Amino acid sequence: MIVSLYQNRPSFGEIKKNVKTVINAVSDREFDILVLPELFAAGYQFKDTAEAHSLADPAGEGETFEKMQKLAVEKNALIIYGFPEKADGRLYNSSLAVLPDGNYHLYQKVHLFDTEKAIFSPGQTGFFVFEFRQTGIGMMICFDWRFPEAARKLTLDGAQIICHPSNLVLPHCPDAMKTRALENNVFTVTCDRVGSENRTGRQLKFIGKSRIIAPDGEVLGELGTDDPGFLSADIDPQLAANKQITLNNEILSDRRPEFY
Ligand code: ACM
């Protein structure tokens, strides 16, 4: 199974242009799964909720969704991307997993980071796993990495690949994801963005360093800090199905939650 990501450099608010750039960049690539960054087409630093509303879509509607759905059908692939979602008068920092048949799964970010709390409501979908090509797929978004319970819950529910759209501004996540992969014996695909934004008097520099990591913590591929780029790895998801790490240790059944 070929898992891939595209680390982009979006221009704030220029949704059409940002979507087109990504589609052009992946058009001659082959993959089973493509992960894109958190809020990949809208940009990150909204001035206020009115601005975020103007750039948000209901799940499964709008131009970004239509283009991603077309891409999923044409590529016969699973496309996972982050977007600002509007639902019931609220805003969520969400990701959609669009399947090759055009249907989708919606995840709303559970752990909001810093000033996101002024714009978005905390997600209500919770962490869940769905099957794609006999493989358990889970989603989390960016700052969810800081809460090991997120990746653990996905693992307990059968995730073999954790897809992780991100907009990282702190330096710790790329290395921490080696631990998330190792402690759960899962593949992780963290897709970050590059570039910077200063729309509220506060400079944010996004650190790039998108990574695909194997269940043993090995970094299968990594991008740099400044440039957009495509990354892929040919993986065997079965490596994440077997949690036996020695003859006498199976990491999920060895847990002793009564002592935690
Ligand atoms: C983040 O959650 N975008 C840092």
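Preceding this paragraph is the structure being described.
It should be emphasised that the depicted structure is a prediction, and the values quoted were computed from it without experimental measurement.

Undergrad: Go over the pairing of strand β1 (residues 2–7), please, and point to the residues and values.
TA: A large share of β1 lies buried, amounting to 5 of its 6 residues. Summarising the sheet, β1 and strand β14 (residues 229–234) pair through 6 bridges and their orientation is antiparallel. Residue Ser-4 lies in a different strand from β14, and its bridge partner there is Ser-232. Taken together, β1, helix α1 (residues 15–26) and strand β2 (residues 33–35) constitute a β-α-β crossover, and its handedness is right-handed.

Undergrad: Describe the packing of α1 against helix α3 (residues 62–75), with residues and values.
TA: Where α1 meets α3, the axes come as close as 10 Å, and the angle between the chain directions of the two elements is 10°. Classified by the interaxial angle, the pair formed by α1 and α3 is roughly parallel. The segment α1 lies against α3, with Ile-15, Lys-16, Val-19, Ile-23 and Val-26 engaging Glu-63, Thr-64, Lys-67, Met-68, Leu-71 and Lys-75. Broken down by class, the residue content of the contact of α1 with α3 amounts to 6 nonpolar, 1 polar and 4 charged.

Undergrad: Could you give an account of the sheet that holds strand β4 (residues 90–98), with specific residues and numbers?
TA: Taken in spatial order, the 6 strands line up as β5-β4-β3-β2-β1-β14 in an open sheet, and their pairing is mixed. Two strands in the sheet have a free side with no partner beyond their single neighbour: β5 (104–108) and β14. Strand-to-strand, the axes of this sheet are offset by a mean angle of 30°, without reference to chain direction. α3 contacts β2, β3 (78–87), β4 and β5 of the sheet and is inclined by roughly 165° relative to β3.

Undergrad: Give a description of the sheet that holds strand β7 (residues 135–139) that names residues and reports values.
TA: Spatially, the 6 strands line up as an open sheet ordered β6-β7-β8-β9-β12-β13, and their pairing is mixed. A strand with exactly one partner marks an edge of an open sheet, and here the two such strands are β6 (129–132) and β13 (219–222). Averaged over all neighbouring strand pairs, the angle between strand axes comes to 20°, with direction disregarded. On top of the sheet, helix α5 (residues 173–184) reaches β8 (161–165), β9 (187–191), β12 (211–213) and β13; it is set at about 20° to β12, its chief contact.

Undergrad: For the environment of Glu-85, give the residues involved together with the corresponding values.
TA: Mapped onto the secondary structure, Glu-85 falls in strand β3. Using a relative accessible area of 4% as the deciding quantity, one classes Glu-85 as buried. Counting along the chain gives 35 residues from Glu-85 to Phe-120, while the straight-line C-alpha distance between them is 9.1 Å. For Glu-85, the contacting residues outside a window of four places in its chain are Ala-56, Asp-57, Ala-59, Arg-90, Leu-91, Tyr-92, Ser-94, Leu-106 and Gln-108. Polar side-chain contacts of Glu-85 include one of 2.7 Å to the side chain of Ser-94. Here the side chain of Glu-85 touches Gln-108 through a polar contact of 2.9 Å, side chain to side chain.

Conventions used here
Residues numbered from 1 in each chain as written. Predicted model: local features only at pLDDT ≥ 70, side-chain atom pairs only at ≥ 80, totals over all residues. Heavy atoms only, no water. Buried < 20%, exposed > 50% of the residue type's maximum accessible area, 1.4 Å probe, protein only. Helix = DSSP H or I, 4+ residues; strand = E, 2+ residues; numbered from the N terminus. Pairing = 2+ DSSP bridges. Right-handed = clockwise from strand over helix to strand, strands pointing away. Axes fitted to C-alpha atoms, helices over the stretch in contact; angles between N-to-C directions. Parallel < 35°, antiparallel > 145°, perpendicular 65-115°, else oblique. Contact = heavy atoms within 4.5 Å. Nonpolar A, V, L, I, M, F, W, Y, C, P; charged D, E, K, R; others polar. Polar contact = N/O pair within 3.5 Å; in protein donor to acceptor, adjacent residues only side chain to side chain.

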